[in-house]
Amino acid sequence: METGTRGGTSHPDWVGLPGGLLRLRRLLLGFWSVLLAAVTGVVLGLAAGPAWAACGVLWLAAAAWAWVLLGRNWRSWRYAERADDLLISRGVLWRAQTVVPYGRMQLVEVTSGPLERRFGLASVQLHTAAAATDAKIPGLVPEEAERLRDRLTELGEARSAGL
């Protein structure tokens, strides 16, 4: 009986996330930071004087820093389909790599909220028996999310048949 992954395990073919997720997150960042800057400026301007209204700019400075961090975080997300399992890697400072064996998957679902649908995005959520190994791949194109769901479900059924 042969087990294990054959060939290419040291260098899997990684797939990054499409740019739609980055655009969505940056749009939300811009919206909320401008709103917070305006509210802070108006409230402090009325309560403490016009000089204090400039404190609203701090939100915009924080947003500029977060803009860069969002790009780094988005580039860190990737996944790879191997013969026996799915790898998901993410994180900039604290890297996390999740390995989900196909035979351990109990449920694979595709979700898409209102904003995700507006930007043409979907997420794939993988559920296993152990809650700690549940994994998610956000920001996929809906067609890729459905293809991945169907493939993972098929592989999961094939691998769990021997258990």
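Residues numbered from 1 in each chain as written. Predicted model: local features only at pLDDT ≥ 70, side-chain atom pairs only at ≥ 80, totals over all residues. Heavy atoms only, no water.

1. So, the overall build of the chain
Part 1 of the argument: The helix and strand inventory of the chain stands at five helices and seven strands.
Part 2 of the argument: Its helices and strands taken in sequence order, the chain reads β-α-α-α-β-β-β-β-α-β-β-α from the N to the C terminus.
Part 3 of the argument: Long-range contacts, defined as pairs at least 24 residues apart, comprise 48% of the intrachain contacts of the chain with a sequence gap of at least 6.
Part 4 of the argument: Counting every atom, the chain has about 10,100 Å² of accessible surface; 62% of that belongs to carbon and sulfur. (Helix = DSSP H or I, 4+ residues; strand = E, 2+ residues; numbered from the N terminus. Contact = heavy atoms within 4.5 Å. Areas by Shrake-Rupley, 256 points an atom, 1.4 Å probe, with all protein chains shown as cover.)

2. As for the packing of helix H1 (residues 20–48) against helix H3 (residues 57–76)
Any two packed helices are characterised by how steeply their axes cross, that is the angle between the axes, and by the distance between the axes.
Part 1 of the argument: Two elements in contact, H1 and H3, have axes separated by 9 Å at closest approach and are oriented at 170°. Classified by the angle between their axes, H1 and H3 sit roughly antiparallel to one another. When you trace H1 past H3, the crossing you get is right-handed. Contact residues: H1 offers Leu21, Leu22, Arg25, Arg26, Leu29, Ser33, Val34, Leu36, Ala37 and Thr40, while H3 offers Trp59, Leu60, Ala63, Ala66, Trp67, Leu70, Gly71, Asn73 and Trp74. (Axes fitted to C-alpha atoms, helices over the stretch in contact; angles between N-to-C directions. Parallel < 35°, antiparallel > 145°, perpendicular 65-115°, else oblique. Left-handed = near helix turned anticlockwise from the far one by under 90°.)

3. What to know about the confidence of the model for the chain
Part 1 of the argument: Residues at a pLDDT of 70 or more form 90% of the chain, whose mean pLDDT is 88.
Part 2 of the argument: Confidence drops under pLDDT 50 across residues 1–5; counting only partners more than four residues distant or on other chains, this segment forms four contacts. (pLDDT = per-residue confidence, 0-100.)

4. As for the sheet that holds strand S1 (residues 15–16)
Part 1 of the argument: The sheet built from four strands is open, its strands ordered S1-S2-S3-S4 with antiparallel pairing. The open sheet has two edge strands, S1 and strand S4 (96–101), and neither has a second partner.
Part 2 of the argument: Alignment of strand S3 (residues 85–90) against S4, held across six bridges, turns out to be antiparallel. Within the sheet, the bridge partner assigned to isoleucine 88 lies in S4 and is threonine 98. (Pairing = 2+ DSSP bridges.)

5. Observations regarding the side chain of glutamate 116
Part 1 of the argument: Mapping glutamate 116 onto the fold places it in helix H4 (residues 114–118).
Part 2 of the argument: Of the side chains with opposite charge, lysine 136 comes closest to the buried, unpaired glutamate 116, at an N-O distance of 5.7 Å.
Part 3 of the argument: Polar contacts involving the side chain of glutamate 116 include one to the main-chain amide nitrogen of glycine 113, which spans 2.8 Å.
Part 4 of the argument: If we ignore the near neighbours within four places in the chain, the residues touching glutamate 116 are Leu24, Thr111, Leu121 and Ser123. (Buried < 20%, exposed > 50% of the residue type's maximum accessible area, 1.4 Å probe, protein only. Lys, Arg positive; Asp, Glu negative; His and termini not counted. Salt bridge = Lys/Arg side-chain N within 4 Å of Asp/Glu carboxyl O. Polar contact = N/O pair within 3.5 Å; in protein donor to acceptor, adjacent residues only side chain to side chain.)

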